[in-house]
Amino acid sequence: MTESPVGTSQISASAPGIPTQQVGIPHHPESSLWTATILLVEDDAGDALLVEEMLSDSELDSALTWCKTLGEARTFLRASTAPVCVLLDLHLPDVHGLDAVRQILETDAEAAIVVLTGLEDSGTGLRAVAGGAQDYLVKGRLGPEILSRAIRYALQRKEVERAAAALRANQLMAQENARLERGLLPVPLLRDDLFRARARYEPGRVHGLLSGDFYDVVQTADGTVHAVIGDVSGHGAAEAALGVCLRVAWRTAVLCGTSHVEQIALLEEILVAERSDAHVFATVTSLVFPPDRRSVEILRAGHPGLLLRQGTGVTWVEPEGGMALGLLPGMGRWPTVDIPLSPGAGLVLFTDGLFEGRNGPESRLGEEGLLAMAQDNGHLPASAFVDALVAGAAEGAAPYGGLADDVAVLHLAWGSEDDEH
């Protein structure tokens, strides 16, 4: 045999008695199998010639390479870039038995393996399949059709195994990501039952639990309730991570006693430091409910207005505000506005995904449409009211692609759960 540079004997016209052979795997454009190389690992020249002759009588046409030892085969596999089907004899000069299968897989986990056994060695063939081979053949019962079919099936089984393994890995990763995202969802920090917070969170990101929208509610030791809702521009995982970062930073600032305006300035600093693109910005509305329950302090940074519920009536409130965070870093001015609260009044905050969905070929729900829908449902208790807003917006947008943007809705009011009904 003529030795290759890597110590592998190539079956070719220059090898006496063994003509050039192209082993045929039908060309399926959707599959890489047709480009596969057939690697015969066999130290017996007579058996190698027999295999080669059977392949010449089959319909296969891929390149055939012959290695006499496992060491040569492993060298070939390390250099190969195409899919490989290994026809593997288990009795080689440098390895014996099932260890040959293990070493082949250690060298190239993507290789398909068909073990060649003797007439009395079928049990070993079965153990080889259990150890990672795709099939086994008994040398004394080989034929062109059986051999070619075994090669095709082995390559196909290997591809199926690879796809199944990738699917399992993706499923495990998705499950782990979901667990992480659930752990990052906000849980209102209320010290007593004198305040009610009801929320809905609907990320537009497919298969995601988090989006660039964020909200949080914190009650400090003096009884004051702080609330925030925000929207990071964009819809990807980076924006979701930034939203979590801003929410956690806001909660930390509140618990540290930072003033209302300073909280927003701090959020802008963090946004600028953490954003992946200089064009990313965030809108925010922040509220402070003093424990006397008579008023609420509102600060808006580019965010939409909010709904004020008093009895069964609903009105739109849009106090003076400042620019969104990150548009002109360090230049923002955010006034705080106090509005009075009557007993039992509630405020509903939301992100623009709630009203920007299409409700017609050329129209959107819009702020006026949202207000009209809210007024129609003004008789509902807090949780049902929030659900009705989200359901109504989703239903109207359903014929036109649904709510593509993230949605967060936050209903806030003084009172216990008994007061909600």
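Please refer to the structure placed before this passage.
A short tour of the structure in this document, coming up. Just so it is clear, the model here is predicted, and its values are computed rather than measured.

**Notes on the overall build of the chain**
Regarding its fold elements, the chain presents nine helices and 21 strands. Across the 421 residues that make up the chain, the buried fraction comes to 49%. Residue pairs in contact within the chain that sit at least 24 positions apart in sequence constitute 69% of those at least 6 positions apart. A total of about 19400 Å² of accessible surface is found on the chain, and carbon and sulfur atoms cover 55% of it.

**Brief notes about the pattern of salt bridges**
Enumeration according to the criterion identifies 14 salt bridges in this entry. Measuring nitrogen to oxygen at the nearest pair gives 3.7 Å for the salt bridge that ties Arg162 to Glu159. Taken together, the positions of Arg162 and Glu159, both in helix α5 (residues 144-184) and three residues apart, correspond to about one turn of that helix. Accessibility expressed as a relative area gives 32% for Arg162, which makes it partly exposed. Assessed through its relative accessible area of 24%, Glu159 is described here as partly exposed. Ionic pairing is found between Glu318 and Arg300, a salt bridge with its closest N-O pair at 3.9 Å. With a gap of 18 residues between them, Glu318 in the loop between β16 (313-317) and β17 (336-340) and Arg300 in strand β14 (residues 295-301) connect regions that are remote in the sequence. Owing to a relative accessible area of 10%, Arg300 belongs among the buried residues under this scheme. Look at the salt bridges and you will find they share partners, linking Glu42, Asp47, Asp89 and Lys139 into a network.

**A look at the side chain of Arg275**
Mapped onto the elements, Arg275 comes out in the loop between α7 (260-274) and β13 (282-289). Buried and without a salt bridge, Arg275 has Asp277 as its closest oppositely charged side chain, separated by 7.0 Å. Engagement of the side chain of Arg275 in a polar contact is seen with the backbone oxygen of Ala278, the distance being 3.4 Å. When near neighbours in sequence (up to four residues on either side) are disregarded, Arg275 contacts Leu242, Val280, Gly326 and Pro329.

**Quick notes on the sheet that holds strand β21 (residues 407-414)**
An order of β10-β21-β18-β15-β16 is seen for the five strands of this open sheet, with the pairing classed as antiparallel. Both edges of this open sheet fall to β10 (195-202) and β16, since each of them pairs with a single strand only. Between one strand axis and the next, the sheet turns through 20 degrees on average, direction left out of account. The pairing of strand β18 (residues 346-350) with β21 spans five bridges and is antiparallel. Opposite Val348, over in β21, you have His411 as the bridge partner. Where helix α8 (residues 366-376) meets the sheet, its contacts fall on β15 (306-310), β16 and β18, and the angle it forms with β16 comes to roughly 155 degrees. Lying on the sheet, helix α9 (residues 382-397) is in contact with β10, β15, β16, β18 and β21; it crosses β10 at an angle near 20 degrees.

**Concerning the pairing of strand β11 (residues 213-219)**
The side chains of a regular strand alternate, first on one face of the sheet and then on the other. Counting buried residues in β11 gives seven out of seven residues, a clear majority hidden from the surface. Covered by surrounding structure in β11 are Asp213, Tyr215, Val217 and Gln219 together with Phe214, Asp216 and Val218, the residues of both alternating faces. Across seven bridges, the pairing between β11 and strand β12 (residues 225-232) is antiparallel. Across the sheet, the residue bridging to Asp213 is Asp231, located in β12. Hairpin remark: β11 followed by β12, antiparallel, with five residues in the connecting loop; positive phi at Gly223, about 95 degrees.

**Description of the nonpolar core**
In terms of nonpolar packing, the biggest core is built from 24 residues, with Leu287, Phe289, Val296, Leu347, Leu349 and Leu412 touching the most fellow members. Looking at this core, the elements that each hand over two or more residues are β10, β11, β12, β13, β14, β15, β18 and β21. With four residues, β21 is the single largest residue contributor to this core. Sequence-distant contacts of Leu347, defined by excluding residues within four places in its chain, comprise Leu287, Phe289, Val296, Leu306, Leu307, Leu308, Leu410, His411 and Leu412.

**Thoughts on unusual backbone geometry**
A positive phi angle, close to 65 degrees, is found at Arg293, a residue other than glycine. As for its position among the elements, Arg293 is in the loop between β13 and β14. Classification of Arg293 by relative accessible area gives partly exposed; the value is 34%.

**Comments concerning α7**
The end-to-end C-alpha distance of α7 is 22 Å, a good match for the 21 Å that 15 residues give at a rise of 1.5 Å each. Every buried residue of α7 is listed here: His260, Gln263, Ile264, Leu267, Glu268, Ile270 and Leu271. For α7, the buried positions fall inside an angular range of 165 degrees around the axis, keeping them on one side. Seen from the buried face of α7, the exposed residues on the opposite side, beyond 90 degrees, are Glu269 and Ala273. Here the buried face of α7 lies against β12, α6 (237-255), β13, β14 and β17.

**Comments concerning a nonpolar patch on the surface**
Taken together, Leu327, Leu328 and Met331 make up a surface patch of nonpolar side chains, about 310 Å² in accessible area. Position of Leu327 among the secondary structure elements: in the loop between β16 and β17. Taking relative accessible area as the criterion, Leu327 reaches 47% and is therefore assigned partly exposed.

Criteria and thresholds
- Residues numbered from 1 in each chain as written.
- Predicted model: local features only at pLDDT ≥ 70, side-chain atom pairs only at ≥ 80, totals over all residues.
- Heavy atoms only, no water.
- Helix = DSSP H or I, 4+ residues; strand = E, 2+ residues; numbered from the N terminus.
- Buried < 20%, exposed > 50% of the residue type's maximum accessible area, 1.4 Å probe, protein only.
- Contact = heavy atoms within 4.5 Å.
- Areas by Shrake-Rupley, 256 points an atom, 1.4 Å probe, with all protein chains shown as cover.
- Salt bridge = Lys/Arg side-chain N within 4 Å of Asp/Glu carboxyl O.
- Lys, Arg positive; Asp, Glu negative; His and termini not counted.
- Polar contact = N/O pair within 3.5 Å; in protein donor to acceptor, adjacent residues only side chain to side chain.
- Pairing = 2+ DSSP bridges.
- Axes fitted to C-alpha atoms, helices over the stretch in contact; angles between N-to-C directions.
- Core = buried A, V, L, I, M, F, W, Y, C linked by side-chain atoms within 4.5 Å.
- Expected span 1.5 Å × (residues − 1).
- Arc of directions from axis to C-beta.
- Patch = residues over 30% accessible without salt bridge, like charges linked within 9 Å, V, L, I, M, F, W, Y side chains within 5 Å.

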